[in-house]
Every structure is written in C-alpha cells, then in structure tokens.
Amino acid sequence: MLKALSTRLLQHLISQNSWASNLLQPHAGKSLQINVSFISASLVILENGNLAMAGETNVADAKVTIPPSLLLRLLAKDEAANRQINIEGDTQLVAELAKVFSNMRWDYEDDLSNIIGDVPANKIGTYARDAANSVKETSVNLAEMLSEYWQEEMPLIAKKRHVEQFNAEVDTLGADVARFEKKLAKLTKSIKANLDNGLLKN
Amino acid sequence: MTTEHNPNQDGNQNTHFGFKTVAENEKAKKVGEVFHSVASKYDLMNDVMSAGLHRGWKRFAIEISGIKAGDKVLDIAGGSGDLSKLFAKKVGADGQVILTDINASMLAVGRDRMLDAGLSVPALQCDAEKLPFPDNHFDCVIVAFGLRNMTHKDKALAEMQRVLKVGGRLLVLEFSKVWQPLSKIYDVYSFKLLPFMGKILAKDAESYQYLAESIRMHPDQETLKQMMTDAGLSKVDYYNLAAGVVALHKGYKT
C-alpha cells in the first residue's frame, strides 16, 4: 500500500509541474534505484512521463548511491559533494531526474483551494508564507549571531572557507592516494615481472 | 505447481474449475454460469468482499499503466466496466477504449453503465484466447480479475501480447498469493465468510465458493511473471497489493 500511496503522491506532484513529464517521457520504461545508507527506493518512469514506485522485482537501469557522510554536505548545497555521489548505469537518466526533483514545487495552495475554496486557501497560503519567512529570518539572525560569537569571541566552530578548504584538501588527498595506489600496483607488477624473468635478483 | 491440463478417460483434456476437475470444454460454460448468476450484484459483492479496496487497486492499475490522451486501450474481461470508465476519461476524445467480456450478462451490465455515464465505449463479447483484433494495435491491454477464469491462460496471454503495439503494456490485476503469516486468516475469510456473504447478498453461496477456490488455484506472483515472460513480454514486474492478496503484473512488448 505504501507503494500505491507514494505513486499517487509522485503523480500528483508531476501533474502540478507539467513541464516535468515532457522531460521524463523520452526515458519511459526506465527505472532508477536510489540508495542512501540502508534505505533504498526504486522509481520507474511511465509512458506518459509520470513517475511511479517500481515493483517488487524491478531491475534498475541506473543506481545512485549516496554515502551517509555526504548527506549533510548535500543539504548545505556543497557542489563538491555532488561530484562524490556514486552513479552506475544510465547517467543521462540520473541527470534528468535530478533536474526534475531540484525544480519541482508543491503547490499546496492549489490543493487546499479544492477543499476550502480559493479565497481561504490564498489567505492561509499568505499567512503560512509570512510565518515561514519570519521563522526563517529569526533563525538566520540567531544563527548568525551565535556563529559570529563562536567564531570570533569563543572559537568553537570553524569558518565556512576553512571547512571548504579542508574538504577540498581531503578530496585532493583522496585522489592522490588513489593515484599512488595505482602507481604502487603498477610498480609491484613490473618488479614481479622482472623477478620472474630473472632480470632482478631477490 | 501441478499441471493445469491433464487428459481424462475420453482422451480429452481436463482442467480445474475451483478445486473440482472438469473437461476443458466445460470450464468456459461453468464460469459463464457463475458470472451470469452474480452479474447484477457483482460490484456490490466486490465492495463488500474487499471492503471497497478493489476500487483502489483498479485506480492504482490505471496510475501504473502510463496511459495518456489519444492512446488505444483494450479492457479484457472488463465485465461491469469500471476500469473502462476510468480509462475512457484518461484517453479522451482522441483515444479509444474497447470493453470486452466473454459473458453476455456481465457485458450488458458494463455497456449499460457506460451509456448511463455518457460514454461511448464499444462493448464486444469475445473470447480472450481468440481476440478479434489485428496485431500491434493497442497501447495498453488490461485484464482485471479475469485471467484466473480463462481455460488456457498461456494462449490468452499470447493473444494479449499479439494485439499490443511495440512499447505497449500488458497489465494483469489478479488475486495472488497472500503474505504467509496472514494465510490462515485469509483461508477462514475466503472459505467461510465469503460464501456466507454470497448467500446473504447475492443469494448464491456456490458461485462465491467457486470464486474463493479459483483464487487458490491461480498461479502465484513469480509463476505468473514467468508465464508473461514466456508469452513474449519483457521487463515483467509486479506490485503486491494488500500484502499479496492481489498483485498487479506489468510487462512490455518489445
């Protein structure tokens, strides 16, 4: 039943964002599996450009694996984190779905207007937006105040540019280690070959 | 699974009719009698038996079909026409839905309901094992709660595959194998409560006893998936609904 409900929700969102079905239609019949830690979900693209949860025995055309350590960086919209998502299979399909999900918006006011009418729905929408903005502004002010205090007055947290620099250095180190491992493997292989041919002595 | 078709003493093939074994040429007639008997109260009984869930299962089948305006849809064993009605709205004036059933009584109920709903959907009495349509004609073929009543399921599936266009989808909505921990409760419900409700509501306990038995004789999820693959469909996948009480299978013609 969860699949049926999720499918209905996905299709409702697609119907509110009709541009998305045009993007997805060329990929009809293809499916994508998303793995985040131990949670896994499979989506399938239907012939009318709609999305549905895949069935019990679906074989995915593309797999996206997001390590749990990347989640916070992705939520913080760190571009370097995007490059570390592991994608296997049809990359074009993954790119198209990423585009759809990042631009999709839920028009809750429209949904509400079907139940309580246009005017009250618009009023509730306006109040909700004002409340959300006010909460957002207050939270940003508070966070800025605290971060300034913890960065300047009592250094407890790192500055953004330092974290980004650290992340970039970790990425570079990772790439260097990978290159070093490959060189080491190549060197070991060539030494072994020379030993086998008797060109070197033990 | 046991073989579905065995030769009898006269050299003719036997098949099952619920838990009974009957000659192949008698099954269609016997199934016809069952549905003739329940036709007028079929939807009411479905609502009572499934607590209204069958409507949700059918809507889910429509959502998964990927049908869009202008498509051609064939509703096999469509009976009372509830699926055809939903499909007709989806495909619009440029599309086409054809409602078929082997049983005249069921088809008459469906045809009348279509007309009452202001929909002009052609209703054809025909056998799913010999479909009177050209090859590569439909974008979607659906059979909901009908396949288990067919004598030669393999022939029927092959026919459905034949009339589909390349890229077209076959959807089979049918009772299936329930999740094991629930099987005892489901048995009590099907063999005790179901015939009792049939007796009270449709005054026909025997027909509902047949429905319960035919559900048990129907292939499980994986077997039906293999049968669809054998019929020439690809990328066959299924969804379990209500813990496997019902399964929706979908396969593509490629």
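Residues numbered from 1 in each chain as written. Chains lettered and ligands numbered in written order. Predicted model: local features only at pLDDT ≥ 70, side-chain atom pairs only at ≥ 80, totals over all residues.

Here we come to the overall build of chain A. From N to C terminus, chain A includes eight helices and five strands. Tracing chain A from N to C terminus, the helices and strands come up as α-α-β-β-β-β-α-α-β-α-α-α-α. Classification of the 202 residues of chain A by burial places 14% in the buried group. Counting contacts in chain A only where the partners sit at least 6 residues apart, residues at least 24 apart contribute 57% of the total. (Helix = DSSP H or I, 4+ residues; strand = E, 2+ residues; numbered from the N terminus. Buried ≥ 20, exposed ≤ 12 C-beta atoms within 10 Å, placed from the backbone. Contact = placed C-beta atoms within 7 Å.)

Taken as a whole, chain A is organised into domain 1 (2-103), domain 2 (107-157) and domain 3 (159-202). For domain 2 of chain A and domain 3 of chain A, the distance between their C-alpha centres works out to 48 Å. (Domains from an automatic or database assignment.)

Here the focus is the interface of chain A and chain B. On the chain B side, the residues contacting the 18 residues of chain A number 17 residues. Top contributing element to the side of chain A that touches chain B by residue count: helix 1 (residues 2-16) of chain A, with five residues. Its residues placed into classes, the side of chain A that touches chain B shows six nonpolar, eight polar and four charged. (Nonpolar A, V, L, I, M, F, W, Y, C, P; charged D, E, K, R; others polar.)

Glancing now at the packing of helix 2 (residues 42-50) of chain B against helix 7 (residues 183-201) of chain B. How two helices sit against one another is set out by the angle between their axes and by the gap between those axes. Residue and element names in this part refer to chain B. Between helix 2 and helix 7, the shortest axis-to-axis distance is 11 Å and the interhelical angle comes to 145 degrees. Note that helix 2 runs across helix 7; the crossing there is right-handed. Contacts from Leu44, Met45, Val48 and Met49 in helix 2 reach Leu194, Met197, Gly198 and Leu201 in helix 7. Partitioned by chemical class, the residues of the contact of helix 2 with helix 7 number seven nonpolar, one polar and no charged. (Axes fitted to C-alpha atoms, helices over the stretch in contact; angles between N-to-C directions. Left-handed = near helix turned anticlockwise from the far one by under 90°.)

All names here are of chain A. The pairing of strand 1 (residues 31-36) with strand 2 (residues 39-45) spans six bridges and is classified as antiparallel. Note on strand 2: the bridge partner recorded for valine 36 is isoleucine 39. Connecting strand 1 to the antiparallel partner strand 2 that follows it, the hairpin turn spans two residues, and serine 37 within it adopts a positive phi of roughly 55 degrees. Both strand 1 and strand 4 (residues 62-66) contribute to a ladder of five bridges, which runs parallel. Among the inter-strand pairings, asparagine 35 is bridged to a residue of strand 4, identified as threonine 65. (Pairing = 2+ DSSP bridges.)

What links the strands of a sheet is backbone hydrogen bonding, and the strands pair in either a parallel or an antiparallel sense. All names here are of chain A. In space, the five strands of this open sheet follow the order 3-2-1-4-5, with mixed pairing throughout. Bordering the open sheet on either side are strand 3 (51-53) and strand 5 (86-89), each of which pairs with just one other strand. When strand polarity is set aside, the average angle formed by the axes of neighbouring strands in this sheet is 20 degrees. Where strand 4 and strand 5 come together, four bridges link them in antiparallel fashion. By the bridge assignment, alanine 62 is partnered in strand 5 with glycine 89.

Our focus in this paragraph is the sheet that holds strand 8 (residues 164-175) of chain B. Residue and element names in this part refer to chain B. Pairing is mixed in the open sheet, where seven strands are placed in the order 6-5-4-7-8-10-9. The two strands at the open ends of the sheet, each matched to only one other strand, are strand 6 (123-125) and strand 9 (234-241). Taken pair by pair, the neighbouring strands of this sheet meet at an average axis angle of 15 degrees, ignoring direction. Bridge count between strand 5 (residues 96-101) and strand 6: three bridges; the pairing is parallel. When the bridges of strand 6 are listed, leucine 99 appears paired with alanine 123. Strand contacts of helix 4 (residues 82-91): strand 4 (72-76), strand 5 and strand 7 (138-144), with the helix running at about 170 degrees to strand 5, the strand carrying the most contacts.

For the rest of this paragraph, the subject is the confidence of the model for chain B. This prediction gives chain B a mean pLDDT of 86; 88% of its residues lie at or above 70. Averaged over each element, pLDDT in chain B is lowest for strand 1 (residues 6-7) of chain B (57) and highest for strand 4 of chain B (97). (pLDDT = per-residue confidence, 0-100.)

The next subject is unusual backbone geometry. Residues and elements named next belong to chain B. Unusually for a residue other than glycine, phenylalanine 145 sits at a positive phi of about 55 degrees. By the secondary structure assignment, phenylalanine 145 is in the loop between strand 7 and helix 6 (153-163). Its identity is not glycine, yet alanine 243 carries a phi of approximately 60 degrees, on the positive side. If you trace the backbone, alanine 243 turns up in the loop between strand 9 and strand 10 (246-252).

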